[in-house]
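Results of the structural survey
This is what each chain is made of:
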Amino acid sequence: MGGLTAAAALGGGATIAAATTASAATNGFGLTIVDRNESDHRMWYYRFATSAVGWNPGVNVLLPNGYHDDGRRYPVLYLLHGGGLDQDFIWYDRWGIRDLTAGKPIIVVMPDGGHAGWYSNPVTSNVGARNWETFHMSQLVPWIDANFRTYAEYHGRAVSGFSMGGFGALKYTAKYYGHFASVSSHSGPASLRRDAGLVVHWANVSSAAADLGGGTVYGAPLWDEARVSADNPVQRVESYRHKRVFLVAGTSPEPVNMVDFVTETQVLAGQREFRGLLGQAGIPHEWHEAPGGHFLRRDLFSADLDGIISHLRKA
């Protein structure tokens, strides 16, 4: 089942210069291209050297049909992947994003975010720089606007993600208020401190094991409390005012699959808490609770994509 409040008003933002041609991308904003493939008509791939991340992260940029011929500017969706050893910037391509966006007037940007990077600059790392937040928000966003025909403004950008990426989308929208007019969280946690901080503990444990060589996103044994609060959607409710907000959670995770059960049970509880706070604040939002556990639902993703395109500036 789902719910839909009244449509939110658009916020403001200043337009900056953006690329005007379909020419090959160049270095800039702290990013040096070390590998690339621009041979496909729609999917362009880049890998960067950057001081923000101690290895060379990649990004796929999925262009609309006709981008190379029509000269139009397009809105952009930043699509963030989930956590896990099989999760990276290619995940959405394997999932079928090309077919789901065929004929849609939007650019989709899918960056690396680490196997358990949590879209954060970690408190500690034993493997060098893993500053995913810096890479995405200070480097990649302006690089995209400089190299592709985008609307380099609030009305021209949306951010969405699945699982860890759904959290990242909510976090980036709140912390970078003027960047994204639409945010979508598909099975992403929205409450970090509930249940004795279960999500914070999971972020610390998973990042230590998969990304940071024993370091942690939020600090251990003592948390960086200011950072947790800054990243916690339920503590940043006013930051979602005047934005399109779209939330999805599963209602029936597999009890025999403990990871699925614990993860989506926590997601559902956290999103219900978040929705309640949004409602109390009078902030419009669309929400869906769907059967099943922790997976990305194609039907709701497609409906969300149409809503994003409708909400943003038109190509």
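The preceding data block contains the structure.
Everything numeric in this text was worked out from a predicted model, so none of it was measured.

Summing up its helical and strand segments, the protein has 9 helices and 10 strands in all. Here the protein has a C-alpha radius of gyration of 18 Å; the compact-globule value for 315 residues is 20 Å, and the two agree. Taking the principal axes of its C-alpha atoms as reference, the protein extends roughly 50 × 45 × 35 Å. Counting every position in the protein, which comprises 315 residues, the buried fraction comes to 57%. Here the analysis covers contacts within the protein between residues at least 6 apart in sequence; of these, 73% occur between residues at least 24 apart.

What follows concerns the packing of helix α6 (residues 194-210) against helix α8 (residues 258-280). Relative to each other, α6 and α8 sit at 115 degrees, their axes nearing to 11 Å. Like other packed secondary-structure pairs, α6 and α8 cross with a definite hand, here left-handed. Residues R194, D195, L198 and V199 of α6 touch α8, and the partners they reach there are V262, Q266, A269, G270 and E273. Looking at the contact of α6 with α8 residue by residue, the classes come out as 4 nonpolar, 2 polar and 3 charged.

Looking now at the nonpolar core. Soluble globular proteins tend to pack their nonpolar side chains together in the buried interior. Ranked by size, the top nonpolar core spans 57 residues in total, and within it Y46, W143 and F148 carry the most contacts. Here the element with the most residues in this core is helix α4 (residues 132-147); it accounts for 7 residues. When near neighbours in sequence (up to four residues on either side) are disregarded, W143 contacts A25, T26, N27, G28, F29, L31, I33, Y46, F48 and F148. Counting residues in each nonpolar core, the second largest holds 22 residues, with M110, L296, F301 and I308 among its members.

Here we come to the pairing of strand β3 (residues 43-49). Among the 7 residues that make up β3, 5 are buried, leaving the element largely enclosed by the rest of the structure. Where β3 meets strand β4 (residues 58-62), 5 bridges bridge the pair, whose relative direction is antiparallel. When the sheet's bridge partners are listed, W44 is paired in β4 with V61.

Okay, the packing of α4 against helix α5 (residues 164-175) next. Relative to each other, α4 and α5 sit at 55 degrees, their axes nearing to 12 Å. By the angle between their axes, α4 is oblique relative to α5. The way α4 lies across α5 gives a crossing that is right-handed. Here α4 contributes W132, E133, H136 and M137 to the contact with α5, which in turn contributes K171, Y172 and K175. A breakdown of the residues in the contact of α4 with α5 according to their chemical character gives 3 nonpolar, 1 polar and 3 charged.

Below, the discussion takes up α5. Given a rise of 1.5 Å per residue, 12 residues ought to cover 16 Å, and the 16 Å separating the end C-alpha atoms of α5 matches this to within 8%. In terms of residue burial, α5 counts as a mostly covered element, since 11 of its 12 residues are buried. Every buried residue belonging to α5 is among M164, G165, G166, F167, G168, A169, L170, K171, Y172, T173 and A174, and all of these are buried.

Evaluated as defined, the whole model comprises 21 aromatic pairs. Ring geometry for Y119 and Y172: centres 6.0 Å apart, planes at 90 degrees, overall edge-to-face. Of this pair, Y119 sits in the loop between β6 (107-111) and α4 while Y172 sits in helix α5; the two residues are 53 residues apart in sequence, bridging distant segments of the chain. In this structure, Y119 and Y172 share a single accessibility class: buried. Relative to Y176, the ring of Y172 lies with its centre 6.2 Å away and its plane at 85 degrees, an arrangement referred to as edge-to-face. Given the relative accessible area of 22%, Y176 is considered partly exposed. Through a chain of ring-to-ring contacts, three or more aromatic side chains come together here, namely W44, Y46, F48, W55, W132, F135, W143 and F148.

What counts as what
- Residues numbered from 1 in each chain as written.
- Predicted model: local features only at pLDDT ≥ 70, side-chain atom pairs only at ≥ 80, totals over all residues.
- Heavy atoms only, no water.
- Helix = DSSP H or I, 4+ residues; strand = E, 2+ residues; numbered from the N terminus.
- Rg over C-alpha atoms; globule rule 2.2 N^0.38 Å.
- Buried < 20%, exposed > 50% of the residue type's maximum accessible area, 1.4 Å probe, protein only.
- Contact = heavy atoms within 4.5 Å.
- Axes fitted to C-alpha atoms, helices over the stretch in contact; angles between N-to-C directions.
- Left-handed = near helix turned anticlockwise from the far one by under 90°.
- Nonpolar A, V, L, I, M, F, W, Y, C, P; charged D, E, K, R; others polar.
- Core = buried A, V, L, I, M, F, W, Y, C linked by side-chain atoms within 4.5 Å.
- Pairing = 2+ DSSP bridges.
- Parallel < 35°, antiparallel > 145°, perpendicular 65-115°, else oblique.
- Expected span 1.5 Å × (residues − 1).
- Phe/Tyr/Trp six-rings, centres within 6.5 Å; stacked < 30°, edge-to-face > 60°.

Shape descriptors only; they carry no functional weight alone.
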